[in-house]
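The primary structure of each chain is shown beneath.
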Amino acid sequence: MKKAKLVIVGGGFAGVKLAHDLSDDERFAITLISSRDYFCYYPSLYHGALGGLSRESIIPLQDIFGDTRVTVVHNRVTKLDKKSKKIFCRNNQSFEYDYLVLALGVSTNYFGIEGLDKYSYGIKSREEVKELNAHIKEKITSREKQEHNYLIVGGGPSGVELAGAMPGYIRHLSEQTGKKVDFSVTLVEAAGRVMPRSSKAMSRSVKRRLKNLGVKVMVNAHVQGEDASHLTINGQNIVSSCVVWTAGMAISTFYSENNFEMHNRRVAVNAYLEADDDIYVLGDNADTPYSGMAQTAMHDAKFVGQNLVRKIEDKDPRSYKAQKPICVTPVGPRWAALQYGKVEMYGILPWFLRHAATTRAHIELEPILQAARTITSGVRAGD
Ligand SMILES: Cc1cc2nc3c(=O)[nH]c(=O)nc-3n(C[C@H](O)[C@H](O)[C@H](O)COP(=O)(O)OP(=O)(O)OC[C@H]3O[C@@H](n4cnc5c(N)ncnc54)[C@H](O)[C@@H]3O)c2cc1C
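Definitions and limits used
- Residues numbered from 1 in each chain as written.
- Predicted model: local features only at pLDDT ≥ 70, side-chain atom pairs only at ≥ 80, totals over all residues.
- Heavy atoms only, no water.
- Helix = DSSP H or I, 4+ residues; strand = E, 2+ residues; numbered from the N terminus.
- Rg over C-alpha atoms; globule rule 2.2 N^0.38 Å.
- Buried < 20%, exposed > 50% of the residue type's maximum accessible area, 1.4 Å probe, protein only.
- Contact = heavy atoms within 4.5 Å.
- Areas by Shrake-Rupley, 256 points an atom, 1.4 Å probe, with all protein chains shown as cover.
- Core = buried A, V, L, I, M, F, W, Y, C linked by side-chain atoms within 4.5 Å.
- Domains from an automatic or database assignment.
- Expected span 1.5 Å × (residues − 1).
- Arc of directions from axis to C-beta.
- Patch = residues over 30% accessible without salt bridge, like charges linked within 9 Å, V, L, I, M, F, W, Y side chains within 5 Å.
- Salt bridge = Lys/Arg side-chain N within 4 Å of Asp/Glu carboxyl O.

## Description of the overall build of the chain
The secondary structure content of the chain amounts to 11 helices and 25 strands. Whereas a compact globule of 383 residues would reach a radius of gyration of roughly 21 Å, the chain reaches 22 Å, a difference of no more than 12%. Based on the C-alpha atoms only, the size of the chain along its principal axes is roughly 70 × 40 × 40 Å. In the chain, which comprises 383 residues, the proportion classed as buried is 49%. For the chain, restricting intrachain contacts to residue pairs at least 6 apart in sequence, the fraction spanning at least 24 positions comes to 65%. Approximately 18600 Å² of the chain is accessible, and the part contributed by carbon and sulfur atoms is 48%.

Here it is in structure tokens:
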């Protein structure tokens with residue numbers, strides 16, 4: 001029997017989930033192309049910046065798919081020929097497909113603000129968190145007199161989570177080195193409150209929690225530039241020893257370069273998450289109601305996987321139904337804020353739920369034995 005050639009681009013939440021779901025189905029020949037040779041579990045990646053980089057955050061794709069029928073290709077796609085159904089990578093490597101799935105995620109956007117690309121740190125890749133960790137360690141252990149103003153830009157869930165864990169880590173490092181360090185951690189947000197997309201009640205609770213952890217919060221604070229030792233906010237130069245930028249993301253230019261129709265700065269998709277004939281776009285790239293969350297990316301992958309099976313069985317495809325995500329943001333040790341629609345919850349219970357969600361995600365993304373290895377490897381700095 002001729003196998004359907006399924007090419008999946010992007011080894012993130014959507015791409016890995018889809019490849020994993022269909023890996024046992026012999027009717028598909030699956031190729032997973034990714035610019036990284038590892039899967040990045042973003043929700044816990046910031047632990048790496050705080051000395052706890054573990055397999056839970058960075059999992060080699062070969063470990064996930066080594067014993068399966070999925071062919072993993074480490075390369076970056078650059079060009080698409082929709083007519084001949086061919087996708088091209090760097091070094092002129094190309095792949096023919098019957099079905100193409102694109103899930104390229106997002107990359108950091110500095111909105112053209114001067115100096116950020118050169119001086120700020122990030123928490124979006126293995127390399128970035130390692131670099132940030134080395135910088136913090138170097139600052140804390142240095143024998144020279146140092147400024148210790150740690151500024152985290154972006155008061156959304158990622159910035160809040162990092163800010164909540166940072167004071168504990170800095171104290172831990174300074175105890176280890178036997179050096180008393182006078183430091184400040186400040187969360188900088190351009191909107192009028194932290195967690196601006198959540199309810200006002202949640203913003204207030206999170207702000208209170210951050211304050212109790214010793215984190216300062218600056219709101220209505222517009223970053224205008226950065227140099228080696230200052231961050232310019234609302235026209236004022238603030239001394240900084242470390243700036244972490246978590247504030248902006250942008251979709252890959254691959255889509256505009258290959259004539260995809262855009263909507264709400266994401267790719268326009270139909271009721272089957274198709275952007276064109278036999279081309280599906282998932283996760284952060286697709287213009288769906290809850291795009292931008294790992295849960296949505298996995299939901300999209302499950303949906304498209306089921307429809308691809310229906311397609312090769314000559315059944316009608318089902319229409320996409322968006323799934324409201326449960327948002328849990330841990331803030332410091334054993335405390336988290338949970339939001340599910342209008343339901344909100346704070347404290348240790350959501351914190352446990354977050355850990356349960358992590359376990360479940362790994363079970364959905366990896367073969368069971370690998371998932372067990374990943375889950376038991378979790379090192380949780382700042383918890
Ligand atoms: C710091 C941080 C914390 C987060 N925390 C949470 C959270 O707690 N809960 C939650 O639900 N969501 C969270 N998110 C959001 C969540 O991680 C994303 O929604 C999710 O990763 C989207 O999945 P995806 O498959 O669309 O893209 P990704 O997971 O980003 O995967 C994209 C993949 O495509 C590859 N790629 C990119 N360009 C190319 C190319 N040209 N060729 C080949 N491969 C390419 C990349 O290397 C990557 O492997 C967080 C995000 C960040 C950055």
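## Some words on the nonpolar core
Core analysis: the biggest nonpolar cluster contains 38 residues, and Ile-136, Met-166 and Val-206 have the highest contact counts within it. Going through the elements one at a time, β3 (38–40), α5 (126–141), β11 (149–153), α6 (157–177), β12 (184–188), α7 (200–212) and β17 (242–245) are the ones with two or more residues in this core. Residue contributions to this core peak at eight residues, all from α6. Once residues within four sequence positions are removed from consideration, Val-206 is found in contact with Val-160, Val-194, Met-195, Val-331, Trp-335 and Ala-337. Leu-22, Ile-30, Ile-64 and Val-309 belong to the second-largest nonpolar core, a separate cluster that totals 35 residues.

## Here we look at the domain arrangement of the chain
Where interface size is given, it is often the accessible area lost as the parts come together that is meant. What the domain assignment lists for the chain is domain 1 (4–35 + 75–108 + 249–323) and domain 2 (116–243). Using C-alpha coordinates to define each centre, domain 1 is positioned 35 Å away from domain 2.

## Let's talk about helix α1 (residues 13–22)
The element α1 is extensively covered by neighbouring structure, given that nine of its 10 residues are classed as buried. All buried positions along α1 are accounted for by Phe-13, Ala-14, Gly-15, Val-16, Lys-17, Leu-18, Ala-19, His-20 and Leu-22.

## Description of α7
The end-to-end C-alpha distance of α7 is 18 Å, a good match for the 18 Å that 13 residues give at a rise of 1.5 Å each. Buried residues of α7: Met-202, Ser-203, Ser-205, Val-206, Arg-209 and Leu-210, and no others. Looking down the long axis of α7, one finds its buried residues gathered within 165° of arc, a one-sided arrangement. For α7, exposure combined with an orientation more than 90 degrees from the buried face picks out Lys-200, Arg-204, Arg-208, Lys-211 and Asn-212.

## So, a nonpolar patch on the surface
On the surface, a cluster of nonpolar side chains totalling about 380 Å² of accessible area is made up of Ile-348, Leu-349, Phe-352 and Leu-353. Topologically, Ile-348 is positioned in helix α10 (residues 348–365).

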